Amino acid sequence: KDEMVHVQALLASSDMACEISGEGSFKHLPLLIEDVFCMCLKESVTNVVKHSEATTCTIQLENHPNEWRMIVRDDGVGLQHKLPARKKSGLIGMKERLEFVNGDLDITSSEGTVLTIAIPRIIYQKEGEVL
């Protein structure tokens, strides 16, 4: 909840509209999962503000039977070319955090950019061990 307030303020200060849906979907998340989603949200929105030239950013939170999903979408210029390594560090960090909880990051770009961040409800640490 606190991170959503921060993200909304960041987008507003950049003159970007912010649409959020599904906030009730992420009630009672395990603390580790909440932390990973918060870090990914912060990085995603920072990228939108810095690189997208968008006018609108939408954040959609979804609670599915097998996973939690967060979709961050902007209406900006998209990923028009391959990013230099120095500009990929945030995305690489996101992927590394998600790997820790068996999560996944999917990036699509055509008319704007869409980041889909999914974390399964069951996290396997070692073979046969469930958290």
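Just so you know, the residues in each chain are numbered from 1, in the order the chain's sequence is written. The model is predicted, so local features are restricted to residues of pLDDT at least 70 and side-chain atom pairs to those at 80 or more, both for listing and for counting; the totals for chains, interfaces and linings are taken over all residues. Excluded from the side-chain calculations are hydrogens and water; all other atoms, namely the structure's heavy atoms, are used.

**Q** What is the right way to look at the packing of aromatic side chains in this model?
**A** How two aromatic rings sit relative to each other is given by the distance of their centres and the angle of their planes. Aromatic rings from Phe, Tyr and Trp, with only the six-membered ring used for Trp, were paired whenever their centres fell within 6.5 Å, and each pair was classed as stacked if the ring planes differed by under 30 degrees, edge-to-face if by over 60, and tilted otherwise. Taken as a whole and assessed by the stated rule, the structure comprises one aromatic pair. Consider the rings of Phe26 and Phe37, whose centres lie 4.7 Å apart with planes at 50°: the pair is tilted. With Phe26 in the loop between β1 (17–21) and α2 (31–52) and Phe37 in helix α2, this pair connects stretches of sequence that are eleven residues apart. The buried label applies to any residue whose accessible area, calculated with a 1.4 Å probe on protein chains only, is under 20% of its type's maximum; exposed applies above 50%, and partly exposed to all values in between. Taking the relative accessible area as the measure of exposure, Phe37 reaches 4% and is therefore buried. Helix and strand labels come from DSSP, where a helix needs a run of H or I of at least four residues and a strand needs a run of E of at least two; each type is numbered from the N terminus.

**Q** How should the nonpolar core be read in this particular structure?
**A** Across soluble globular proteins, you tend to see nonpolar side chains buried next to one another. Of all hydrophobic cores here, the largest spans 28 residues; its most connected members are Phe37, Leu41, Ile59, Met70 and Ile117. Those elements that place two or more of their residues in this core are α1 (2–13), α2, β2 (56–63), β3 (67–74), α3 (89–100) and β5 (112–120). Looking at this core element by element, the count peaks at seven residues for α2. Those residues in contact with Phe37 that lie beyond four places of it in its chain are Phe26, Leu29, Trp68, Arg69, Met70, Ile117 and Ile119. Put simply, a nonpolar core is a bunch of buried Ala, Val, Leu, Ile, Met, Phe, Trp, Tyr and Cys residues held in one set by side-chain atoms that sit within 4.5 Å of each other. Here, residues are in contact when the closest pair of their heavy atoms is within 4.5 Å.

**Q** Sorry if this is basic, but what is going on with the sheet that holds β1 here?
**A** Sheet strands pair by backbone hydrogen bonding; their relative direction is either parallel or antiparallel. On the basis of which strands lie adjacent, the open sheet formed by five strands has the order β1-β2-β3-β5-β4 and mixed pairing. Lying at the two open borders of the sheet, with one neighbouring strand each, are β1 and β4 (104–110). For this sheet the average axis-to-axis angle between neighbouring strands, irrespective of direction, equals 10°. One requirement defines pairing of two strands: DSSP has to find at least two bridges between them. Of the strand pairs in this sheet, β4 and β5 are connected by seven bridges, and their pairing is antiparallel. Residue pairing for β5: Ser110 is matched across the bridge by Gly112. Axis definition: a line fitted to C-alpha atoms, limited for helices to the stretch in contact. Angles are taken between N-to-C directions and run from 0 to 180 degrees. Each of β2, β3 and β5 is contacted by α2, which is oriented at about 10° to β3, the strand it contacts most.

**Q** Where do I start with the packing of α1 against α2 in this structure?
**A** For any two helices packed against each other, one specifies the inter-axial angle together with the distance between the axes. For the pair α1 and α2, the least separation of the axes is 10 Å and the interaxial angle reads 5°. Here α1 is positioned roughly parallel relative to α2, judged by the angle of their axes. Side by side, α1 and α2 meet where Glu3, Met4, Val7, Leu10 and Leu11 of the first sit next to Cys38, Leu41, Lys42, Val45, Thr46 and Val49 of the second. Taken together, the residues of the contact of α1 with α2 sort by class into eight nonpolar, one polar and two charged. Geometric relationships in this document are graded by angle, where less than 35 degrees denotes roughly parallel, more than 145 denotes roughly antiparallel, 65 to 115 denotes roughly perpendicular, and other angles denote oblique. Asp, Glu, Lys and Arg are counted as charged, while Ala, Val, Leu, Ile, Met, Phe, Trp, Tyr, Cys and Pro are counted as nonpolar; the rest, among them Gly, fall into the polar class.

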